[in-house]
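Structural description and commentary
Here are the chains, one letter per residue:
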Amino acid sequence: MRGRPAQGGATDGEILANIVMGQAELHQAYGGVVPEIAARAHVERLDVAMKLALEQADLTLDAVDAVAVAAGPGLIGGVSAGLVFAKAVAAARGAPFFAINHLEAHALSPRLAAEPDGPAAFPFLLLLASGGHCQLIAVLGHGRYKRLGGTIDDSPGEAFDKIGQHLGLPFPGGPHVERAAAAGDPNRFALPRPLSDRPGCDMSFSGLKTALRLEADKLIAAQGGLREQDVADLCASFQLAVCDSLAQKTARAATMFAELSEGRPACLAVAGGVAANQTLRTRLRNVAAEAGLTFAAPPLSICTDNGAMIAWAAMERRAAGGCPDELAAAARARWPLDPDAAPMLGSGKHGAKA
Ligand SMILES: Nc1ncnc2c1ncn2[C@@H]1O[C@H](COP(=O)(O)OP(=O)(O)OP(=O)(O)O)[C@@H](O)[C@H]1O
Ligand SMILES: [Mg+2]
């Protein structure tokens, strides 16, 4: 990555290389991420990923003048592996070192690259919907995050993955459910819209996932299995229910956000893996138009986890006058973006992960 965040939110960040080495095939048989396998795969692949990135950028290590790495929140084994590797590179180069909050990187990704109205300028309303999180956040400036709402149980990405597994689709389920849904009838199954009657913009996806599973199991009991059309209809009905929930709560958050942005021109942005979903993007574009907001969605390669967004978050910190971190920076399993927000209901006895 080179360049810097420019004034007013437009950016001149240039991605020289963005190598993503997925691990889906290693976790496929288990239907979810196995922490020990993930950590081991990080150790085995990090040096290869860096070599490929330098080759793609046509640079040598001598040209790297800063090192950024995700230091959490997340599964501690994988995070620690990445952190140790990045510290070694920074120490060897004598380069400034940035330990980045992975969620902050997702949150700032619509400022790196986005369509259709260009990169998001501060302040913006963010729907962060990923594999482990779902939050509506007012992003008022670099490091200034106010959580307006979030999920009280599963994230939508997790729900997509679990129903994908139940329907026999490959892992991770999100993109496969979206593909199957394209040939399905979204109105065949009447699924719930959890928490739609509750004021505010908290969300829930766990009951929806169970409702979908019950519909699938009823069909399996009645006809001995699922036909291709059944899977397509189940996926389409599920996707519609998720999008309805997210659109309703985002519209409510837009009303709350209007007070925080004090009438300044503002934007609705979406980030995280679930932001790759085209039906969701279309729904959110409409929510933005109705709320008088522009709309920003990063390209698909910047939605799911990637290194460019981590580098970009470090560049944003530098541009905002922030300092690099000590090489002693620790890996963090939990790291809220808005530390002042009360823990989410259902976040467990250890408190909110984020
Ligand atoms: N087209 C899509 N439709 C719906 N969900 C999708 C789509 N593409 C990816 N996803 C989901 O996005 C998730 C992965 O996103 P991401 O890489 O941001 O998550 P993560 O890094 O594991 O979680 P977090 O960022 O919360 O720690 C998976 O759950 C995946 O199923
Ligand atoms: Mg992520």
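Note that the structure is a prediction, hence the values are computed from the model and not measured.

Before going further, it helps to spend a moment on the nonpolar core. Of all hydrophobic cores here, the largest spans 97 residues; its most connected members are Ile100 and Leu268. Per-element tally for this core: the top contributor is helix α8 (residues 228-261), with 14 residues. A domain split of this core shows at least three residues from each of domain 1 (7-105 + 303-319) and domain 2 (114-300). For Ile100, the contacting residues outside a window of four places in its chain are Ala68, Val69, Ala70, Ala71, Ala105, Ile310, Ala313 and Ala314.

What follows covers the sheet that holds strand β3 (residues 115-116). Sheet architecture is open: six strands sit in the order β3-β8-β7-β4-β5-β6, paired in mixed fashion. Each edge of the sheet is formed by a strand with only one pairing partner; in this case those strands are β3 and β6 (144-150). Strand direction decides the pairing type here: strand β4 (residues 124-129) and strand β5 (residues 134-141), joined by six bridges, are antiparallel. Across the sheet, Leu128 pairs through a bridge with Gln135, a residue of β5. Across the face of the sheet, helix α4 (residues 102-112) comes into contact with β4, β5, β6, β7 (267-271) and β8 (294-297) while running at roughly 130° to β7.

What the domain assignment lists for the chain is domain 1 (7-105 + 303-319) and domain 2 (114-300). If you average the C-alpha positions of domain 1 and of domain 2, the two centres end up 26 Å apart. The interface is formed by 14 residues belonging to domain 1 together with 20 residues belonging to domain 2. Taken together, the elements giving at least two residues each to the side of domain 1 that touches domain 2 come down to α1 (24-27) and α11 (307-319). Taken together, the residues of the side of domain 1 that touches domain 2 break down into four nonpolar, eight polar and two charged.

Definitions and cut-offs
Residues numbered from 1 in each chain as written. Chains lettered and ligands numbered in written order. Predicted model: local features only at pLDDT ≥ 70, side-chain atom pairs only at ≥ 80, totals over all residues. Core = buried A, V, L, I, M, F, W, Y, C linked by C-beta atoms within 7 Å. Buried ≥ 20, exposed ≤ 12 C-beta atoms within 10 Å, placed from the backbone. Helix = DSSP H or I, 4+ residues; strand = E, 2+ residues; numbered from the N terminus. Domains from an automatic or database assignment. Contact = placed C-beta atoms within 7 Å. Pairing = 2+ DSSP bridges. Axes fitted to C-alpha atoms, helices over the stretch in contact; angles between N-to-C directions. Nonpolar A, V, L, I, M, F, W, Y, C, P; charged D, E, K, R; others polar.

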